[in-house]
Amino acid sequence: MPRNHVEVPGVVDYLSILNEDGKVDEELDPDLPKELLREFHRKMVLSRRFDERLLRLQREGKVGTFAPIRGQEAAQIGTVSCLEKEDWLVPAFRETAALIWRGASLSDIFLFNAGFNEGGRIPEEANVLPIAIPVATQILHAVGIAYAIKYRKRDQIVLTYFGDGATSEGDFHEGLNFAGVAGLPVVFVCQNNQYAISMPREKQTKSRTIAQKAFAYGIPGVQVDGNDVLAVHTVAREAAQRARGGGGPTLIECVTYRLAVHTTADDPTKYRSQKEVDEWEKREPLIRLQKYLRQRGILDDQAVNSDEEEAARQIDEAWKATKDRIDELTDPLAMFDYLMADLPPYTKEQKEAFERFLATREAD
Amino acid sequence: MPNLTMIEAIRMALRQEMRNDDSVVILGEDVGVDGGVFRVTDGLLDEFGPERVIDTPLAESLIGGCSVGMAIYGLRPVCEMQFSGFSYLGFHQIESHASRFRRRSQGRFQIPMVVRMPYGAGVRALEHHSESKEIYYAHTPGLKMVIPSGPRKARALLLAAIRDPDPVIFFEPKAVYRAFREEVPDREEVFPIGESEIVREGKDLTMIAYGAMLHRAMEAAELLDKEDGVGAEVIDLLTISPLDDSKFCESARKTGHVVIVHEAPRSFGAAAEIMARLIEKSFYYLEAPIERVTGFDIHIPYFAREQEYLPSRDRIVSAARRTLEK
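Residues numbered from 1 in each chain as written. Chains lettered and ligands numbered in written order. Predicted model: local features only at pLDDT ≥ 70, side-chain atom pairs only at ≥ 80, totals over all residues.

(A) View of the environment of Asp34(B). Residues and elements named next belong to chain B. Its location among the elements puts Asp-34 in the loop between strand E2 (24–28) and helix H2 (44–48). The exposure class assigned to Asp-34 is partly exposed, which follows from the 13 C-beta atoms found within 10 Å. Considered as a pair, Asp-34 and Glu-60 are 26 residues apart in the sequence and their alpha carbons are 18 Å apart. (Helix = DSSP H or I, 4+ residues; strand = E, 2+ residues; numbered from the N terminus. Buried ≥ 20, exposed ≤ 12 C-beta atoms within 10 Å, placed from the backbone.)

If you want it as structure tokens, here you go:
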């Protein structure tokens, strides 16, 4: 009865293909189709500019608190682009780029951020969940959907997002644990953006990587340069294929950086230096992609301008449409909508009493 | 017509609905091989297999959150929290998500899930195994909260709960689990959620109770009849939320005297809401202050004193006499 070593998996791959100068590792280059690469660019530009517009509107008091994505576009576009139309996307709350990739209405996002529940509408054909604000909780919904897919023997997978902070929450562990045990078709994407509001990654966990936490649950874990859309897409494609082929879940850690505020209510100068932000600014994903695409002859000044103009046009149009919708959404009684299939009797009495009150208020 | 305990009647509902509808799945701790710690799900694994009777890891948040995801996809999960006192780790998923997805998605997703859990005192159990905290759930918009009092109602209400398009919290009074048998019809029987029932008619006094306490209220009613000649009307609430105030408000208009019984702590309990409705809707018919016979505003004592904590027949009778004297 000696003291033996028990072998457990212990090596995390870190993948980087496109460095911050736009240099590509020729051997690792996935050589993606030109049209897909161009679409990466279009959607990264659109997401970046949309985020900037939201921030401006927030500062003008026209939309409420929201979580900007600046710096995390590659982590989102690189992963979400591995999904098929019928697959399910389960976001946290900082995934605007992924939602845009999946065809979310910009006007709905504006409307939601302007404080209207109506903006949370999910169209019938979209297999996407609304944003989930309590950290890590959505991971379990992804697991439940994946269980149902497996039970129904459907050819679908689920991809869910969360941050580095979420990996300290119980739901992260409960979700990965059960997904591993049941062999579920789900891809767990951690956008490690280095901060959970003010808490740096180093204080969130003693683990050297977040990816290694997968090993405790008997599933593969991989780390990737989250600002390198080629590398992100490569690992996500492997994970999606594994899930689709019955190989179970994967944990992907995208090492990235939140270049903006946590939310518009946050002041990051309290907890990080400008020098650090400047360092990460050099590694940001959009310019890096542009350098690569120019080298490959997929992008030139004219194409950049055209993508920028198209993004600006879509954003302007969506905000204009949103303002019209806001003007029409004047009925406070809409707050009673969609509570349950049928409004319970006493809630109905409250609604009717409120309606009578509103009528008298209007009469005054 | 089989003569069943509440445990057998609940199992009958589960089995029938799983045969009817392959979207119904069961998940929870020890629900499969073990058949549940109270044996409610005994035998279901053999009939329906491990894909539909799922032994989950020991993780209540997973049980709640995974059920939400299953329901989003179109399944009808019936999950079990082993004891209501352990459900709080899963409460976050029920409050923050199960109750809200319909609104959050503006009607795209509904959450037809049932969360079953044994609750209540009276079986000489450990700490955390005896409480009655139905109000945590009843206070949450978007949830339905059901508590049957006997085998037949448990079976018929559980069928309604599984078929309901919205999340239903289903509390099972463990003191009643094996306390008595009742005839439960083989044919399908479904009782609507949101309707209380007058289980004993009377003209002098209205008594409102639910779960295990319904039986204490009935014993009190019989004694009042025999010793005082008082006709107590007893209402079994069955659904805590949405609360059916029509029957007890009407009864109170007839009797003018009301006693409300529950084993949960008194302050902010179901009786407080019932009193509020009575004051809103039957105030001018009340002839005396309403009496509450409840658990005290303390953590339930360990089992040597649990019977002293619980509303007893004699405490209920004493409260009834007090309100009738006024």
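After presenting the structure, the write-up continues.
(B) The arrangement of the sheet that holds strand E8 (residues 250–255) of chain A in detail. Residue and element names in this part refer to chain A. The strand order E1-E7-E8-E4-E3-E2 describes an open sheet built from 6 strands, whose pairing is parallel. Of all strands in the sheet, those bounded by a partner on one side alone are strand E1 (13–15) and strand E2 (88–90). Neighbour-to-neighbour, the strand axes of this sheet turn through a mean angle of 20°, independent of strand direction. Where E2 lies against strand E3 (residues 158–163), 3 bridges are found, and the strand directions are parallel. (Pairing = 2+ DSSP bridges. Axes fitted to C-alpha atoms, helices over the stretch in contact; angles between N-to-C directions.)

(C) Quick peek at the sheet that holds strand E10 (residues 205–209) of chain B. All names here are of chain B. Pairing in this open sheet of 5 strands is mixed, and the strands run E9-E11-E10-E13-E14 from one edge to the other. Two strands bound the open sheet, and with one partner strand each, they are strand E9 (197–200) and strand E14 (291–295). Neighbour to neighbour, the strand axes of the sheet diverge by 25° on average, direction disregarded. Relative to E14, strand E13 (residues 258–265) runs parallel, the two being bridged by 5 bridges. Bridge assignment links Ile-260 to a residue of E14, and that residue is Arg-292. Across the face of the sheet, helix H9 (residues 246–255) comes into contact with E9, E10, strand E11 (232–236) and E13 while running at roughly 155° to E10. (Contact = placed C-beta atoms within 7 Å.)

(D) View of helix H6 (residues 170–182) of chain A. For H6(A), which comprises 13 residues, the first-to-last C-alpha distance of 18 Å matches the rise-based estimate of 18 Å (1.5 Å per residue) to within 8%. Extensive coverage of H6(A) is indicated by the burial of 10 of its 13 residues. Within H6(A), burial applies to Asp171(A), Phe172(A), His173(A), Glu174(A), Gly175(A), Leu176(A), Asn177(A), Phe178(A), Ala179(A) and Ala182(A). On its buried face, H6(A) sits against helix H5 (138–152), E3, strand E4 (186–192) and E8 of chain A together with helix H3 (60–73) of chain B. (Expected span 1.5 Å × (residues − 1).)

(E) Geometry of the interface of chain A and chain B. The interface of chain A with chain B comprises 33 residues on the first partner and 37 residues on the second. Every element with two or more residues in the side of chain A that touches chain B is listed here: H5, H6 and helix H12 (345–363) of chain A. Of all the elements, H5(A) adds the most residues to the side of chain A that touches chain B, at 10 residues. Residues belonging to the side of chain A that touches chain B are distributed by class as follows: 20 nonpolar, 8 polar and 5 charged. (Nonpolar A, V, L, I, M, F, W, Y, C, P; charged D, E, K, R; others polar.)

(F) Representation of the pairing of strand E7 (residues 168–173) of chain B within the structure. Residues and elements named next belong to chain B. Summarising burial for E7: 6 of the 6 residues are buried, a large majority. Burial along E7 is two-sided: the residues Val-168, Phe-170 and Glu-172 and Ile-169, Phe-171 and Pro-173 are all buried. Sheet topology places strand E5 (residues 114–119) next to E7; 6 bridges connect them, and they run parallel. Bridging from a neighbouring strand, Val-114 pairs with Val-168 of E7.

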